[in-house]
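These are the residues of each chain, in order.
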Amino acid sequence: MHCVTKWTKLDTHWQGVSIETLLEHVTLKPEARYVMAYSYGDYTTNIPLEDLRHGKAFIGLNFEEKPLAAEHGGPARLVVPHLYFWKSAKWITGLRFMEHDQPGFWERGGYSMYGNPWTEQRYRSDD
């Protein structure tokens, strides 16, 4: 987990459902290349579809062998561990598959459209 405020927490233990498992029940149009994640309170965040596939992301239900606490996004949170944690939307309510990338809540405010913590892509000017 990587926060844009410059903290990282490694070796965490999650349980949940792989996005790949969920996608087995969805017919995707070939042009779908991006996803908008929706959460309680009108929060949104954009993610390239490829960054959710092949075991890279999941819906987190348990953290450190306990149900995910509400203040951390429980009962269900999108978890995209290789991107900054604002991409891991708390209280996930839905996913929309899109042909073109669109900014979510923080991205509209100037945050990076991608959010790679290893290259410190925090703001749009870092892209």
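Up top you'll find the structure we're talking about.
So, how was this worked out
Residues numbered from 1 in each chain as written. Predicted model: local features only at pLDDT ≥ 70, side-chain atom pairs only at ≥ 80, totals over all residues. Heavy atoms only, no water. Helix = DSSP H or I, 4+ residues; strand = E, 2+ residues; numbered from the N terminus. Rg over C-alpha atoms; globule rule 2.2 N^0.38 Å. Buried < 20%, exposed > 50% of the residue type's maximum accessible area, 1.4 Å probe, protein only. Lys, Arg positive; Asp, Glu negative; His and termini not counted. Charge placed at Lys NZ, Arg CZ, Asp CG, Glu CD. Phe/Tyr/Trp six-rings, centres within 6.5 Å; stacked < 30°, edge-to-face > 60°. Polar contact = N/O pair within 3.5 Å; in protein donor to acceptor, adjacent residues only side chain to side chain. Contact = heavy atoms within 4.5 Å. Salt bridge = Lys/Arg side-chain N within 4 Å of Asp/Glu carboxyl O. Pairing = 2+ DSSP bridges.

Enquirer: I would appreciate a short explanation of the overall build of the protein chain in the present structure.
Expert: Along the protein chain, the regular secondary structure elements total two helices and seven strands. Starting at the N terminus and walking to the C terminus, you meet the elements of the protein chain as β-α-β-β-β-β-β-β-α. A compact globule built from 127 residues should have a C-alpha radius of gyration of about 14 Å, and the protein chain, at 14 Å, falls within 12% of that. Per-residue burial for the protein chain yields a buried fraction of 43% across its 127 residues. In the protein chain, the 14 positive side-chain charges and the 16 negative ones have mean positions that sit 4 Å from each other.

Enquirer: Would you take a moment to explain the packing of aromatic side chains for this structure?
Expert: Think of a pair of aromatic rings as described by two things: how far the centres are apart, and how the planes are tilted against each other in angle. For the structure shown, the criterion picks out eight aromatic pairs. Pairing Trp86 with Tyr111 gives two aromatic rings, centres 5.0 Å apart and planes at 75°, and the pair type is edge-to-face. You can see Trp86 sitting in the loop between β6 (77-79) and β7 (92-98) and its partner Tyr111 sitting in the segment after α2 (105-108), a full 25 residues away along the chain. Accessibility classification places Trp86 together with Tyr111 in one group, the buried group. These aromatic residues form a ring-pair network of at least three members: Tyr43, Tyr84, Trp86, Phe105, Trp106, Tyr111 and Tyr123.

Enquirer: Where do I start with the side chain of Glu107 in this structure?
Expert: Within the fold, Glu107 resides in helix α2. With a relative accessible area of 1%, Glu107 lands in the buried category. One polar contact links Glu107 to Lys87, side chain to side chain, over a distance of 2.7 Å. If near-sequence neighbours (up to four positions away) are discounted, Glu107 is found in contact with Thr44, Thr45, Asn46, Trp86, Lys87, Ser112, Met113 and Arg124.

Enquirer: Help me understand the pattern of salt bridges, please; the structure alone is not making it clear to me.
Expert: As a working rule, side chains carrying opposite charge can pair if their charged atoms are close by. Applying the stated rule across the entire model yields three salt bridges. We note a salt bridge from Arg53 to Glu20, for which the minimum N-O separation is 3.4 Å. Taken together, the positions of Arg53 in the loop between β3 (43-48) and β4 (58-63) and Glu20 in helix α1 (residues 19-23) put the pair 33 residues apart, joining distant regions of the chain. Notably, a salt bridge pairs Glu120 with Arg122, separated by 3.5 Å at the nearest N-O pair.

Enquirer: Hey, could you run me through the pairing of β3 in this one?
Expert: Strand residues, when the strand is regular, have side chains that alternate between the two faces of the sheet. Most of β3 is tucked away, with six of its six residues classed as buried. By the alternation rule, side chains of β3 split into Tyr43, Thr45 and Ile47 and Thr44, Asn46 and Pro48, which are all buried. Direction of pairing for strand β2 (residues 34-39) relative to β3: antiparallel, over a ladder of six bridges. Looking across to β3, one finds that Ala37 is bridged to Thr45.

It is worth stressing that arrangement in space is one thing and function is another; only the former is reported here.
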